[in-house]
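Fold and contact review
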Amino acid sequence: MESPRSRGTYAKTAARRAQILSAAGTAFAEHGYAASSLRDIAKRAGLTHAGVQHHFPTKEAVLAAMLAERDATEESRSRDTPHASPAEFLTRLLRDHQETPELTGLWAELAIAARRNDHPAHDYFVGRYEQARDIMTAHLRSRAELGKLRAGLDPRVGAALLVSVLDGLQTQWLLDRSLDVVEPLRQFLQLIEKQP
């Protein structure tokens, strides 16, 4: 059985890691991932460089933890709305991203930077996009089996298009916060659905 002391230590460690990740998010948003350093993150978090390295030995480890945290948050939100339609879920996802423009901008910046094979987030983004396409493909395939997908649309192609639309709308919104991203998404989903 875990002692109260070890639970307290765990809580402090979790709080400290969250503090570091918050500082890192601010640093990455202000200066970009490449120009940020562990020393800057430590200063923002009110810690020593060694204190940050105790939790995250490298900047790459900080980045991996930030990406994993974002994934966990999105997976939790999808579990919270199991009966939401794809349009409802994707609309909520876009709205959630709009509530954290700095993180959404950082995500877009990292996705582009990760195109290089030697970038520390390259494998993460390759896998993340593949997973997103697989989830969308499965959904579109089930819609096709119900006769609700536009005739002739390959579900894998539709999935790639849908991921591209989501990314493109978010990028445009980052440049112009007055842009309505929900209506274009809604109309795109109508385009790929079989019309009655």
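First, a word on scope: everything that follows refers to the structure included in this document. (Residues numbered from 1 in each chain as written. Predicted model: local features only at pLDDT ≥ 70, side-chain atom pairs only at ≥ 80, totals over all residues. Heavy atoms only, no water.)

Examining the side chain of His119
Stated formally: Runs of E in the DSSP output that reach at least two residues are strands. Runs of H or I that reach at least four are helices, and both are numbered from the N terminus. The contact criterion used is simple: two residues touch if any of their non-hydrogen atoms lie within 4.5 Å.
Its location among the elements puts His119 in the loop between helix H6 (101-113) and helix H7 (122-145). Ignoring sequence-local partners within four residues, the contact set of His119 consists of Tyr33, Leu63, Leu110, Ala113 and Ala114.

Quick word on the packing of aromatic side chains
The condition that has to hold: By convention, a stacked pair of Phe, Tyr or Trp rings (six-membered ring in the case of Trp) has centres within 6.5 Å and planes under 30 degrees apart, an edge-to-face pair has planes over 60 apart, and any other such pair is tilted. Under the scheme applied here, a residue whose accessible area is under 20% of the maximum for its type counts as buried, over 50% as exposed, and between as partly exposed, the area being computed with a 1.4 Å probe on protein chains only. Think of it as a cone above the ring: NZ of Lys or CZ of Arg counts as a charge over the ring if it is within 6 Å of the ring centre and within 35 degrees of the ring normal.
Per the counting criterion, the structure on display carries 4 aromatic pairs. Each ring, one from Phe28 and one from Tyr33, has its centre 5.2 Å from the other, and the planes form 70°; the classification is edge-to-face. The same class applies to Phe28 and to Tyr33, which are both buried. By the ring-pair criterion, three or more aromatic residues cluster together here, those being Trp107, Tyr124 and Phe125. Its guanidinium or amino end placed over the ring of Tyr33, Lys59 lies 4.4 Å from that ring's centre, counting from NZ or CZ. Taking NZ or CZ as reference, Arg70 lies 4.2 Å from the ring centre of Trp107, over its face.

Notes on the nonpolar core
We count it as follows: For this analysis, a nonpolar core means a set of buried residues of the types Ala, Val, Leu, Ile, Met, Phe, Trp, Tyr and Cys, connected via side-chain atoms within 4.5 Å.
The biggest cluster of nonpolar side chains holds 26 residues, and the ones touching the most others in it are Phe28, Ile41, Val62, Met66 and Phe125. Going through the elements one at a time, helix H1 (4-31), helix H2 (38-45), helix H4 (59-80) and H6 are the ones with two or more residues in this core. For this core, the element with the highest residue contribution is H1, accounting for 6 residues. Apart from residues lying up to four places away in sequence, Val62 is in contact with Leu21, Ala24, Phe28, Leu38 and Phe56. In terms of nonpolar packing, the next biggest core, distinct from the first, is built from 20 residues, Leu90, Leu149, Leu162 and Val182 among them.

Focus on the pattern of salt bridges
This is how the line gets drawn: Whenever Lys or Arg places a side-chain nitrogen within 4 Å of a carboxyl oxygen from Asp or Glu, that contact is recorded as a salt bridge.
Counted according to the given criterion, the structure contains 6 salt bridges. In this structure, the salt-bridge partner of Glu30 is Arg44, at a minimum N-O distance of 2.9 Å. In this pair, Glu30 is assigned in helix H1 and Arg44 in helix H2, connecting sequence segments 14 residues apart. Here Asp118 makes a salt bridge to Arg116, at a shortest N to O gap of 3.4 Å. The exposed category is assigned to Asp118, whose relative accessible area is 63%. Judged by relative accessible area, Arg116 falls into the partly exposed class, the value being 41%. Within the structure, one salt-bridge network assembled from shared partners comprises Glu30, Asp40 and Arg44.

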